Amino acid sequence: MIRRLIFLLAGSIFCVVALAAPDIELGKRLYEQGLTADGKEVTAVTQGDIEFSSSQFSCANCHRRSGYGSSEGGQFVPPITASYLFNKREWHRSYLFDKMFKEEQPASFWAKIRQPRVRPAFTRETLARAIREGVDPNGKPMDPLMPRFRIGKEDMDNLLAYLATLGTQVAPGVDDKVIHIATIVGDGVDPGKRDAMLATIEAFKDWMNLDTRGDLRNPRFSPHYRSDLIKGYRLWDIRVWRLHGDPASWPAQLDAYYREQPVFAVLSGMVQGAWTPIQRFCHQHEVPCLFPITDQPAPRPDYYTFYLTRGLRLEADALAESLKEQLQGGETIVQLHAASGAGQVPAQAFRAALGDQKVSLQDRAFSDEDGLKKQLEALVARKKQPDYLVIWPGRHGGEVVDWLLAHPAIAGEIYLPSSIAAALPEKLPPALEERLYVTWPYEYPGAYHPRAFRVRAWLRSRGLDIPYPRIQFDTYYALTILQYGLAHIVDHFSRDYLIEYIEHEAENALNPGTYPRLSLGPGQRFASRGAYIMRRNSLDRYPLTRASEWIVPDSGD
Amino acid sequence: MKNIPATFRMSPRGGSCAIALACAALLVAPGAPAADDELEAIRAQLSSVCRHKTPTEGRFKKSWLHVRVPDVTLTNRYGKPVELAPLIEDHSTVVQFIFTTCTTICPVLTASVRKVREQLAELDPDLRFVSISIDPEQDTPRRLRNYAKRFGASGRWTFLTGDRHDIMHVLKAFGAYYPGNNKMYHKPYTFLKAGKGSRFERIDGLMGGADFVAEYRRLMQPAIASAKR
């Protein structure tokens, strides 16, 4: 009996101690996922009578991970970072500025934002009351959209402790004059492509900084409220982080660069092989990584890295999707692929995406030129040609093309990835032209995009050659998204806020015409989802023409 | 009901409920004391005519529109083709446009349907609920299935995705196309229709459950229903 009592007593002391020290990490989990300390879902009521639980939505849904709020379809969700909550509410003009001008807003939105109710700073008590009862510090009921949450004491303490930290961290990579940005290039990438990308970045940076310097010299000169926004202006410093050797050593190299000068974001970039180690680096240091030029994104995207497409996986999935429509059963498909990632990855994706079609799918891997030659000779020696030949040549595109030119009728239909299109000569033997197809996760040549003209004109006006339009246009896209994103966050240098902006605005008019459409949304990380199957047509104005509709395969994630 | 003056029976809802209740009590009190159940009946009658302001009242705008549903075939959350026009034209319907990664307004729109679904189905057994994704390249049937599950969807509640161009046609037919060509700017619309025909009531704004049900009840009134075609 006494032992039981002591046990109880000890237990309650333990509880008191636990209550006394709120757990910020658990508060964060409650904010982002709506889970209580003991892992249960929080429940709440919105709009007066709509019950929901946190598997449906949580604080971060509306106020976003950054705490800077959002506006969607005319519904304005205010920022609730510590500095907003624990100060009297007075809107910064710069904050209002972009909320008002970025989006067409209904009259109710304007009314709300123009005459914000003045409210005193929150205290712990008024904050808990706002979250539980939807009553603001003036005692007035809040907008019914703000849910009334059922949250117990311990969880509320954790949540309040987290809210007190929200938005208070100063992200590394930015000081009061300069914002540091990195781009990453690896050994062994095509020097022409690399230099075209770097020249575009360099020219953009110079152009931005010229403008910024001018504005900083004239801080009171104020067309379009500039003087309000000026506190967000920073000169861009862009460093080129060069990676050498084995990808296994990249993390250490990246860490060393980052230690030397932390960056606010990583922009564009190009390496040979998979982007995975860089994605991991960005995740570890919580650095937004914007639109690298890669056909091998990490197999699973994470929060910090945005890609243009799923690369070779997308090409393989789109090809499988299109073949499935024409396969009758009993066909032979030979898949010839490099043993490297650029061969292995799409070959596996293709096999998986083809699923249980009743065909004979034969994989043939090669690891070097000799191996390729042997496989190709074996193909020629076959008694019966395969119906389909799918090739993922990795770095051996040139050899594959030469060989196809010599043996054009090697299979019923021949499929190559987009990376090889540039290696095809202007004139193809008719026997090859009629059976050759290319997967193409880009806009088709000749499609009309008004912004493409602007981008081209800009590049020209900076005196740049345009040897690799797609790479340069894609780089320009990453640059302009960053430019707009930084303008939007003004001086709230939160990386999460930048990411939320990109999720929100990627679908706007910045598409430089390299893809039919670029679009994201909360949690989305691939801006373009589809591909065409193209064929060569020497009679057409454009040597590559569409042989399919835009195919959007189910990515399976 | 005999003791309730006619003025009360017709009384519009409004802020004078408290006074009305007090008067009713007075009216009932003199003479023979009313039986408890009689009082109860009066209270019920009164509270139905003068209900309290709902939390979302006045927070949404209403308008009428005729929709010519485009002749498109979309895909439901099980990957099956669904012809849109017959689904919508021949039945009472509630239509919303959503996407599964939307953070603020779609979850609330969807949760509002879940809230009223059973109640409305009882009022109008013909009623169907249709949630159409405006992000079809992202929202595969599998993702729609997960979303529907998250919101406990069941019964006659169809979630649709499909070809992007088809969906853009549908959005335009409903006057729901968003500015800036950016789905993040879509509006919180709910379209309601009681019975066959093409005339919808468009609600612009987020409704609580009480208002949702009240709006639909109003649509079912014979006078409004007969004007709908």
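Scroll up a little and you will see the structure.
Residues numbered from 1 in each chain as written. Chains lettered and ligands numbered in written order. Predicted model: local features only at pLDDT ≥ 70, side-chain atom pairs only at ≥ 80, totals over all residues. Heavy atoms only, no water.

**Describing the overall build of chain B**
(1) Moving on: Broken down by element type, chain B carries 9 helices and 8 strands.
(2) Moving on: In chain B, which comprises 229 residues, the share counted as buried stands at 53%.
(3) Moving on: Entry remark: accessible area of chain B is about 10500 Å², with carbon and sulfur atoms responsible for 54%. (Helix = DSSP H or I, 4+ residues; strand = E, 2+ residues; numbered from the N terminus. Buried < 20%, exposed > 50% of the residue type's maximum accessible area, 1.4 Å probe, protein only. Areas by Shrake-Rupley, 256 points an atom, 1.4 Å probe, with all protein chains shown as cover.)

**Re the environment of B:Arg142**
(1) Moving on: Mapped onto the elements of the fold, B:Arg142 is located in helix α6 (residues 141–150).
(2) Moving on: Here the alpha-carbon distance between B:Arg142 and B:Arg77, two residues 65 residues apart in the chain, equals 6.5 Å.

**As for the packing of helix α11 (residues 250–260) of chain A against helix α12 (residues 276–285) of chain A**
All names here are of chain A.
(1) Moving on: One way to put it is that α11 packs onto α12 with a least axis distance of 10 Å and a crossing angle of 40°. Viewed along their axes, α11 and α12 adopt a mutual orientation that is oblique. Considering the relative orientation of α11 and α12, their crossing is right-handed. On α12, the residues touching Trp250, Leu254, Asp255 and Tyr258 of α11 are Pro277, Ile278, Phe281 and His285.
(2) Moving on: Across the contact of α11 with α12, the residue classes tally to 6 nonpolar, 1 polar and 1 charged. (Axes fitted to C-alpha atoms, helices over the stretch in contact; angles between N-to-C directions. Parallel < 35°, antiparallel > 145°, perpendicular 65-115°, else oblique. Left-handed = near helix turned anticlockwise from the far one by under 90°. Contact = heavy atoms within 4.5 Å. Nonpolar A, V, L, I, M, F, W, Y, C, P; charged D, E, K, R; others polar.)

**Considering the state of the cysteines**
Linking two cysteines covalently via their sulfur atoms produces the bond known as a disulfide.
(1) Moving on: Going through the model one piece at a time under the given rule, you end up with 1 disulfide over all chains.
(2) Moving on: Note on cysteine connectivity: B:Cys102 is disulfide-linked to B:Cys106, with sulfurs 2.3 Å apart. Disulfide B:Cys102 to B:Cys106: torsion about the S-S bond roughly 95°, handedness right-handed. The exposure classification of B:Cys102 matches that of B:Cys106, with both residues buried.
(3) Moving on: Looking at the unpaired A:Cys59, the closest cysteine sulfur is the one in A:Cys62, lying at 8.8 Å.
(4) Moving on: According to the relative accessible area criterion, A:Cys62 is buried, its value standing at 12%. (Disulfide = S-S within 2.5 Å.)

**Some points on the nonpolar core**
(1) Moving on: Ranked by internal contacts, the top residues of the largest apolar core, which has 86 residues, are A:Leu163, B:Leu84, B:Phe97, B:Ile132 and B:Phe174.
(2) Moving on: For this core, the element with the highest residue contribution is helix α5 (residues 105–123) of chain B, accounting for 8 residues.
(3) Moving on: Setting aside residues no more than four positions away along its own chain, B:Phe174 makes contact with B:Leu65, B:Val67, B:Ile88, B:Val95, B:Phe97, B:Phe191 and B:Phe200. (Core = buried A, V, L, I, M, F, W, Y, C linked by side-chain atoms within 4.5 Å.)

**Overview of the sheet that holds strand β4 (residues 93–98) of chain B**
All names here are of chain B.
(1) Moving on: Strands sit in the order β1-β8-β7-β4-β5-β6-β2-β3 across an open sheet of 8 strands; the sheet is mixed. In the strand order of this sheet, the two ends are held by β1 (61–66) and β3 (81–83), each with one partner. Across the sheet, the axes of successive neighbouring strands diverge by a mean angle of 30°, strand direction being ignored.
(2) Moving on: Bridge count for β1 against strand β8 (residues 199–204) is 6 bridges, and the pairing is antiparallel. Opposite Trp64, over in β8, you have Glu201 as the bridge partner.
(3) Moving on: On top of the sheet, α5 reaches β4, β5 (128–133), β6 (157–161) and β7 (189–193); it is set at about 160° to β4, its chief contact.
(4) Moving on: Seen against the sheet, α6 touches β2 (73–76), β4, β5 and β6 and runs at an angle of roughly 145° to β6. (Pairing = 2+ DSSP bridges.)

In short, the description is geometric, and any link to function would need to be established separately.
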